[in-house]
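Here is what each chain is made of, one letter per residue.
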Amino acid sequence: MRVTNLIFSYVIGLIFLIGGILFIVFLDDNRYLFGITYIAVGLLLLVGTHMAIRRRMKADRERVEGQ
């Protein structure tokens, strides 16, 4: 995975997370319907990107040790 892809994934995840929080704080009708959904999507993107980085680093470390 390239660095720009990781940065893009993190930024999109943060946008969804912050947007969900803002929906809960400022929206009057259906605040939890939109807020919790956006927070869940943001967390999914952030955690998924973090796990992908960890898997990639582990695979690279194992490849270097195997040589």
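Bear in mind that the values here come from a model prediction, so they are computed numbers and not experimental data.

S.K.: Give me helix H1 (residues 3-26): which residues, what numbers.
M.R.: Counted at 1.5 Å a residue, the expected span for H1 with its 24 residues is 34 Å, and the 34 Å between its end C-alpha atoms agrees. Listing the buried residues of H1 in full gives Leu6, Gly13, Leu17, Gly19 and Gly20. Buried residues along H1 sit against helix H2 (31-66).

S.K.: Lay out the pattern of salt bridges in plain terms, naming residues and giving numbers.
M.R.: Evaluated as defined, the whole model comprises 2 salt bridges. Of the charged contacts in the structure, one is a salt bridge between arginine 63 and aspartate 60, with a shortest N-O distance of 3.2 Å. Taken together, the residues span about one helical turn, with arginine 63 and aspartate 60 both in helix H2 at a distance of 3 residues. For aspartate 60, a relative accessible area of 25% puts it in the partly exposed group. Connected through salt bridges with shared partners, the residues Arg56, Asp60 and Arg63 form a single ionic network.

Conventions we followed
Residues numbered from 1 in each chain as written. Predicted model: local features only at pLDDT ≥ 70, side-chain atom pairs only at ≥ 80, totals over all residues. Heavy atoms only, no water. Helix = DSSP H or I, 4+ residues; strand = E, 2+ residues; numbered from the N terminus. Expected span 1.5 Å × (residues − 1). Buried < 20%, exposed > 50% of the residue type's maximum accessible area, 1.4 Å probe, protein only. Contact = heavy atoms within 4.5 Å. Salt bridge = Lys/Arg side-chain N within 4 Å of Asp/Glu carboxyl O.

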